[in-house]
Amino acid sequence: MEETYLLDYPGVRKKILAGGSGPLPHFPTGTKLVFHFQTLLDNFERTVIDDSRLAGRPAEIFVGKMFKMEVWETLLTSMRVGEVAEFWCDAIHTGLYPIVSKGMRLIAQGKDPLEGQRHMCGMGNLFHYHSTGFPELDELMRTPQPLIFIMELLQVRDPMSYHRESWMMEKDEKLQTVPVLHMQGNALVKQKQYREAASKYKEAVLLLKTVQSREMPGDIDYINLGRMIVPLELNYCQCMLELEEYYEVIDHMDELLEKHKDCVKGYYKRAKAHAAVWNEKEARRDFNMVAQLDITLAKLVSYQSSLPPVASCGLYKSIVLSFILIHSFHMLLNR
């Protein structure tokens, strides 16, 4: 077919090598595009720089999510599913390709794609690098030039047809997802699938923390989001107690109680974790905090304090006393 400039997009020429099927798809924001690509130099040999098939997996981008190679979104959204096309792109569109290529190569090697980058814009990173670690990419950085991309569009997936990572979601979508994850976690707990339930609670916490990070500390929205996190953290830690991940509980409750110093269940769960790893002093401290915050538990804590220190008891008696106390608190806090 004849080469044609893409409409309203200078510096790009397209040649269709194999026609796709069906009409041109609709590409709303968040659409997942799955494709194979080859990158070639615009020289007599048409030297191949990258080939996704050799990497063993297709590439993916998401429409409207600020992929560094913005021109790729334009190229792919001009294609039908199954279409193979060759695009010539002027140097004005290929300046960031060395960074993109390096990231994809590191991913293929199982490494961090952000390795070596500072927190700055794409062009800032381009000038910051002394070397990508790949000579052919270093040459492209020194001498930006036109490139040829041969692309095959494999799949176009609607935003609602796949599990979306949190960074792809808008604020309202994140907030709507949280109660769904909470209910899924609760259902898994009833089935005693604690590891899977913990994953749901943790995902919900991360969504809320992402939203909270964009609010001003001290503002009402920031405070309310913090309150929403508490029951999810408590549920997560209950799962960790069931899985005997006691130090994980202690770490999470340390962070939660730093912000919510009146959380009775937080002290209680941390006390259980400390008791399980024989941190007697810390366990007693947290049990006492439970009693101070909930007066109905004061008698039980007073009874605990009147017992001989664990160090003076036999091992068997210490274990029995610990389990009696923990069980008693559990019954009271969940009554």
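Under an unreviewed UniProt entry, the protein has the name Aryl hydrocarbon receptor interacting protein like 2 and belongs to Amphilophus citrinellus. Turning to the protein, the UniProt record has this under Subcellular location (unreviewed entry): "Cytoplasm".

A. Expanded view of the overall build of the protein. For the protein, the count of helices and strands is 13 helices and seven strands. By residue count, 42% of the 335 residues in the protein fall in the buried class. If you take every contact in the protein between residues at least 6 apart in sequence, the share linking residues at least 24 apart comes to 69%.

B. Structural view of the packing of aromatic side chains. Applying the stated criterion across every chain, the model contains six aromatic pairs. When the centroid spacing of 6.2 Å and the interplanar angle of 50 degrees are considered together, the rings of Phe35 and Phe37 count as tilted. Across the pair, Phe37 and Phe35 agree in class, each one buried. Relative to Trp72, the ring of Phe35 lies with its centre 5.7 Å away and its plane at 90 degrees, an arrangement referred to as edge-to-face. A residue pair is termed long-range when its members are at least 10 positions apart, and Phe35 in strand S3 (residues 32–41) and Trp72 in helix H2 (residues 70–76) qualify at 37 residues. Above the plane of the ring of Trp88 lies Arg13, whose end atom (NZ or CZ) is 4.1 Å from the centre.

C. Geometry of the packing of helix H3 (residues 97–108) against helix H5 (residues 135–142). Between H3 and H5, the least distance of the axes is 9 Å, while the angle of their chain directions is 160 degrees. It follows that H3 is roughly antiparallel to H5 by the angle criterion. H5 is crossed by H3, and the crossing has left-handed handedness. Mapping the contact onto sequence places Tyr97, Pro98, Ser101, Lys102 and Arg105 in H3 and Glu136, Leu137, Leu140 and Met141 in H5. Among the residues forming the contact of H3 with H5, the class breakdown is five nonpolar, one polar and three charged.

D. Geometry of the nonpolar core. Residues Leu232, Val249 and Met253 are the most contacted members of the largest nonpolar core, which totals 38 residues. Per-element tally for this core: the top contributor is helix H8 (residues 220–242), with ten residues. Two domains each put at least three residues into this core: domain 2 (164–243) and domain 3 (262–310). When residues no more than four places from it in sequence are discounted, the contact partners of Met253 are Glu233, Leu234, Cys237, Gly266 and Arg270. Ranked by size, the runner-up nonpolar core spans 28 residues in total, among them Leu33, Ile61, Met79 and Leu147.

About the thresholds
Residues numbered from 1 in each chain as written. Predicted model: local features only at pLDDT ≥ 70, side-chain atom pairs only at ≥ 80, totals over all residues. Heavy atoms only, no water. UniProt positions renumbered as here; feature names shortened; annotations may be inferred. Helix = DSSP H or I, 4+ residues; strand = E, 2+ residues; numbered from the N terminus. Buried < 20%, exposed > 50% of the residue type's maximum accessible area, 1.4 Å probe, protein only. Contact = heavy atoms within 4.5 Å. Phe/Tyr/Trp six-rings, centres within 6.5 Å; stacked < 30°, edge-to-face > 60°. Lys NZ or Arg CZ within 6 Å of the ring centre and 35° of its normal. Axes fitted to C-alpha atoms, helices over the stretch in contact; angles between N-to-C directions. Parallel < 35°, antiparallel > 145°, perpendicular 65-115°, else oblique. Left-handed = near helix turned anticlockwise from the far one by under 90°. Nonpolar A, V, L, I, M, F, W, Y, C, P; charged D, E, K, R; others polar. Core = buried A, V, L, I, M, F, W, Y, C linked by side-chain atoms within 4.5 Å. Domains from an automatic or database assignment.

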